[in-house]
Amino acid sequence: MTKNKTIFNPVRLGKWLMAGLAVCMVGCNTNQDMEQQVDELYSKMSQEERIAQLRSMFMDDLFDAQGRLDTAKCRELIPHGIGHFSQFAMQQPRDPNELRDRVKAVQDWLMANTPNGIPALFHEEVLSGINTLGATIYPQQIGQACSFNPELAELKTLQTSTALRRMGGVLALSPMVDVCRIPSFNRLEESYGEDAYLSAAMGTAFVRGLQQGDLKKGVGACSKHYLGYGGGGDADEKELMEEILLPHEAMIRQAGSRVVMPGYHAVHGTKCVANDEILNDILRGYLGFDGMVVSDYTAIDQIPDLENSVQKAAAAINGGNDVDFPQGADYQHLQEAIDQGLVKPEAFERAVKDVLRHKFRAGLLDQQPYLCSAEPIALDTPEERQTAYDIAVQSVVLLENKGVLPLKNVQNILLTGPNANSIWAMCGDYTYPAMSYFWKKKEDVQDTPHIVKLLEGMQQQKPEGVSLMYSRGCDWTEEIETVYGEGGDERAWQYEILHRKVDSGEQTNPQEALQMARQADVIVAAMGENVMLCGENRDRQGLRLPGKQEQYVEQLIKTGKPVVLVMFGGRAQVVSGLAERCAAVIQAWYPGEEGGHAVADILYGRVSPSAKLSVSYPNTEINEPLCYNYAAEQDTRVQWPFGYGLSYTTFEYSNLQVSQTSTADESLDLTFQVKNTGTMAADEVAQVYLSPTSADQPLRPIQLQGFARITLQPGEQRTVSMKLFTDQLGYYTHDGARAWNILPGTYMLKVGSSSKDIRLQSAVTLTGQPVSKPLRDHYFAESIISSPASSSSSVKP
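Residues numbered from 1 in each chain as written. Predicted model: local features only at pLDDT ≥ 70, side-chain atom pairs only at ≥ 80, totals over all residues. Heavy atoms only, no water.

*Asks:* Residues and numbers for the sheet that holds strand β27 (residues 757-767), please.
*Replies:* Strand-to-strand pairing in sheets goes through backbone hydrogen bonds, with the strands running parallel or antiparallel. With mixed pairing, the five strands of this open sheet are ordered in space as β19-β27-β26-β21-β22. Only two strands of the sheet have a single partner each, and these edge strands are β19 (661-662) and β22 (703-712). Relative to strand β26 (residues 745-754), strand β21 (residues 682-692) is paired through six bridges, and the arrangement is antiparallel. Counterpart to Ser691 in the pairing with β26 is Met748. (Pairing = 2+ DSSP bridges. Helix = DSSP H or I, 4+ residues; strand = E, 2+ residues; numbered from the N terminus.)

Structure, rendered in structure tokens:
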């Protein structure tokens, strides 16, 4: 299938928004204040009902072998109701209409047969689309961050939430917005990378699309893994509050995110799920959060130095956690903890009311709640596949190119490598295929949706007259490299789950591949990780290419033919010493179901690469925090800097103008021009950075504070007008009270193609008096991109 090369059109997002508005909700309780409703319902509930709202279970436990709701099991297991159902859509491969019917049966039973008739919150993972059979598999988040395109991020989750809500899903345990600065972190793929501003902008867009501005028709987002998972939990207070907290803060205060999930880790010596400082003091006290806090799966059980589940349940609820996922294994002992005087009464009441408040917000307690759709549900529509393709094309980063790309005027191409003909090059963790393979140990992955492998994409998109040869050449690894570790969900701490090696189902014949290589004009080597080499609970010994992949690429290079190295996986893979001898290097991440088409189109030059790195790409093994903003100069351990990515054309920046302003003003304005000086239409991601001009200014040496994706035809020039808020020049202090401060003085604004490729810069002076306030009011720059014909598009993360 040939994909539409017309990349994201804002009109598509508008159409989806209008479709969302067409969903009609009736019977909303508008005659009483929500808090009064919550109080009244709480007062009517028995203690057993209240505790039930803080627990979850798996929906399949209530159905018999024929797929019918077992009402006897319902009376036995949930006589007082239940607050939540965990990962309802991924437990077994089921049609979305069957899932919807099961949800409806459970909700109907709860409303008719429990004391107060309270429906449950059904939740699922939606990091890269709905975690269910047949749903669109979008690119993994680390790749999508490289697009620097919040509009596409919002469109993706708008499509996702519309389908999930039709199926009965009301809550999503996504997105992950951990600011991940440790290159080796095995869950880095779920994040938006190392930068707080980019993570916040993309995460906020994720929430806006998912929630659709109204929890009664959209799906509730969950900000995770609060606070500092992936390395940030050890940061000093200034970094923690200015940067690590920023994505969570922005999603809550700018986009109305109402659910937070604490991480498995500890902050200041206390596990996050029971951490009064981060949950009650910072989250509820400082940020004013009035939503629901839910545990990560089995996290409460991992609280150390406590004797039993009674004490762990008390520690979690007192520390600020409301709900026990996935099955309420510890909170089933809450009454015992209460009887022993271990639970603060106000903590228990807070937890129950937080759940009820969310159900009111989601419309579940309306007279006629929107629980699911009565219409037939279709997944992976053509428009959703187009969005998956658009994101993938904008996620693939060209790291090196010695003139071999795009592949023009070549007749014979060899495609080789373990990721050349595998869905595991396309699917990251928390996609349905990956979850089924890892958790359910299902080896046979159904082709629903169809996942376009690189071989298929290159075959379908190849120019006339091109011959494409294929031989796998090498395996991911020869031995099991997955490293066992007791981290994350403890259900995975099993030898038989982790001690596995992916079987490709193909023969590996390096001699055959090398013979083909000698006949080829160019070699495309598809290397990297797979579902067992990266992800939650999965790690390996290092970051160089797994197994003997590097040795195989060396053999390919020795043929004397140009080698294009295409890496797939969930994090940067160290290729120093190898990349320099390749003709081109591409980082494709896990690009989703349309990844084969997207990578092929970039290789063949049907579209120019435009992605920019969302991480600092290391040239050596690094197991400690690394970030571009730690120093003005590039770290010697970095091969390619944050914000870097090549194109098939060239761009010229000019005419930076910056307005002067005062600390009392809301914003300042800057404009600059970008021109496509090459011969191919392409997008450029222009990045705006802030730097101090003196050592006494308490700012990072360089910090991203704005960006704009600009589409340019050859020879075309466009003007970017950006509003930068004075809050963005501020900093955090905690001298008695927490505060956000803006000081008068001179600052340096830099415009560039990456964090280390600054094309323009100008000083800006803030006059006036110092300003101090509890929290910043603005988080993101706003930009307008004008064309020579005076048409313009407004961009706000």
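*Asks:* Which residues make up the packing of aromatic side chains, and what are the values?
*Replies:* Using the criterion set out here, one finds 17 aromatic pairs in the structure. For the ring pair Tyr197 and Phe780, a centre distance of 5.6 Å and an interplane angle of 80 degrees mean the geometry is edge-to-face. Of this pair, Tyr197 sits in helix α8 (residues 196-211) while Phe780 is found in the loop between β28 (771-773) and β29 (782-786), placing the two residues 583 residues apart along the sequence. The two residues Tyr197 and Phe780 agree in class, both being buried. Pairing Tyr779 with Phe780 gives two aromatic rings, centres 6.3 Å apart and planes at 45 degrees, and the pair type is tilted. You can call Tyr779 buried: its relative accessible area is 4%. Residue class for Phe780 comes out buried when judged on its relative accessible area of 5%. Here the aromatic residues Phe148, Tyr197, Tyr628, Phe642, Tyr689, Phe707, Tyr779 and Phe780 are joined through ring pairs into a cluster of three or more. Between the NZ or CZ atom of Arg538 and the centre of the ring of Phe438, over which it lies, the distance is 3.7 Å. (Phe/Tyr/Trp six-rings, centres within 6.5 Å; stacked < 30°, edge-to-face > 60°. Buried < 20%, exposed > 50% of the residue type's maximum accessible area, 1.4 Å probe, protein only. Lys NZ or Arg CZ within 6 Å of the ring centre and 35° of its normal.)

*Asks:* Explain the pairing of strand β11 (residues 412-416) to me, and be specific about the residues and the numbers.
*Replies:* Counting buried residues in β11 gives four out of five residues, a clear majority hidden from the surface. Where β11 lies against strand β12 (residues 467-471), five bridges are found, and the strand directions are parallel. Note that in β12 the partner of Thr416 across the bridge is Ser471. The pairing of β11 with strand β13 (residues 522-528) spans four bridges and is parallel. Across the sheet, the residue bridging to Leu414 is Ile523, located in β13.

*Asks:* Break down the pattern of salt bridges for me, with residues and values.
*Replies:* Scanning the entire structure with this criterion turns up 49 salt bridges. For Glu536, the salt bridge goes to Arg187, with nearest N and O atoms at 3.3 Å. One end of the pair, Glu536, is in the loop between β13 and α20 (549-558); the other, Arg187, is in the loop between β4 (171-172) and α8, and 349 residues separate them in sequence. Residue class for Glu536 comes out buried when judged on its relative accessible area of 2%. On the basis of relative accessible area, Arg187 is assigned to the buried category, the value being 1%. (Salt bridge = Lys/Arg side-chain N within 4 Å of Asp/Glu carboxyl O.)

*Asks:* Please give an account of the sheet that holds strand β25 (residues 737-742) that cites residues and values.
*Replies:* In spatial order, the strands read β24-β25-β28; together these three strands make up an open sheet with antiparallel pairing. Strand pairing shows two members of the sheet lacking a second neighbour, β24 (731-735) and β28, which therefore form its edges. The sheet shows a mean angle of 35 degrees between the axes of neighbouring strands, taken without regard to direction. Relative to β28, β25 runs antiparallel, the two being bridged by three bridges. Bridge pairing links Asn741 to Ser772 in β28. Those strands touched by helix α9 (residues 237-244) are β24 and β25, and its axis lies near 135 degrees from that of β24. (Axes fitted to C-alpha atoms, helices over the stretch in contact; angles between N-to-C directions. Contact = heavy atoms within 4.5 Å.)

The values are spatial; any link to function lies outside them.
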